[in-house]
Amino acid sequence: MSEYKEFHGHVFYRRMSHARPMLSHGEGIYLVDAEGKRYIDASGGPVLVNIGYGVSEVIQAMTDQATAAAYLHATMFTTQALEEYSAALAEVTPLENPRFFYLGSGSEAVETAIKFARQVQVDRGETQRYLVISRWHSYHGTTLGALAVSGRPSLRQLYQPMMVQTPPISSHPTAIAAPLT
Ligand SMILES: Cc1ncc(COP(=O)(O)O)c(C=O)c1O
């Protein structure tokens, strides 16, 4: 079965409006469905599968770490793999003595960037600074904080009363401001 059309299972999909192919596996730039149909994933998913699917070194590293310990709470432990990866990343990052904060998704990264920005201002003694300027029509995630700095009306509408208000600027370079609704 390549398309899971009936929605008779127990998965709450992000969108229930369309059927989706049943994935078998990925290989390089291809995704392969359960019937063997191959799809070129030209965008690498949402622009994040940058090295392709099924890279054996990555699979081995994930297997090694999951075998050693599949979960560690970041407030309690570090691992050799994390330290070595961070050291390798530091070598190619154009910053002096960078440090990396690891998260599991883009939405979490945006949430954390917002909180970091606030923390920097508080540490500077500028406690009155809390506004984040966002761009109309931008997209930065679906959690409430990330959504509050995104400018997509269709995604924001339902949660509008719950969101932190952020001053928006238009995505058009010559416009100054427009109300985000
Ligand atoms: C700029 C940007 N921020 C945040 C996200 C949200 O990422 P995630 O779906 O991993 O939460 C995306 C995902 O497409 C993104 O492109």
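Residues numbered from 1 in each chain as written. Predicted model: local features only at pLDDT ≥ 70, side-chain atom pairs only at ≥ 80, totals over all residues.

### Looking at helix 3 (residues 80-92)
Part 1 of the argument: Given a rise of 1.5 Å per residue, 13 residues ought to cover 18 Å, and the 19 Å separating the end C-alpha atoms of helix 3 matches this to within 8%.
Part 2 of the argument: Within helix 3, only zero of the 13 residues are buried, which leaves the element largely exposed. (Helix = DSSP H or I, 4+ residues; strand = E, 2+ residues; numbered from the N terminus. Expected span 1.5 Å × (residues − 1). Buried ≥ 20, exposed ≤ 12 C-beta atoms within 10 Å, placed from the backbone.)

### Focus: the sheet that holds strand 1 (residues 23-27)
Part 1 of the argument: Spatially, 1-2-3 is the arrangement adopted by the three strands of the open sheet, whose pairing is antiparallel. Edge strands, defined here as strands with exactly one partner in the open sheet, are strand 1 and strand 3 (38-40). Each strand of the sheet is rotated relative to its neighbour by a mean of 25 degrees, with strand direction disregarded.
Part 2 of the argument: Judged from the three bridges that link them, strand 2 (residues 30-33) and strand 3 form a sheet pairing that is antiparallel. Along strand 3, the bridge assignment pairs Tyr30 with Ile40. (Pairing = 2+ DSSP bridges. Axes fitted to C-alpha atoms, helices over the stretch in contact; angles between N-to-C directions.)

### Here we look at the site of the ligand
Part 1 of the argument: In the region of the ligand, the neighbouring residues are Pro46, Ser105, Gly106, Ser107, Val110, Tyr139, His140 and Gly141.
Part 2 of the argument: Looking at the shell around the ligand, its residues break down into three nonpolar, five polar and no charged. (Near = placed C-beta within 6 Å. Nonpolar A, V, L, I, M, F, W, Y, C, P; charged D, E, K, R; others polar.)

### So, the environment of Arg156
Part 1 of the argument: Structurally, Arg156 can be placed in helix 6 (residues 153-156).
Part 2 of the argument: Its 15 C-beta neighbours within 10 Å are what place Arg156 among the partly exposed residues.
Part 3 of the argument: With twelve residues separating them along the chain, Arg156 and Leu144 place their C-alpha atoms 9.0 Å apart.

### Quick look at unusual backbone geometry
Part 1 of the argument: Of note, Val47 is a non-glycine position whose phi angle comes to about 60 degrees, a positive value.
Part 2 of the argument: Note that Val47 resides in helix 1 (residues 44-47).
Part 3 of the argument: A positive phi angle, near 80 degrees, is found at His137, a position not held by glycine.

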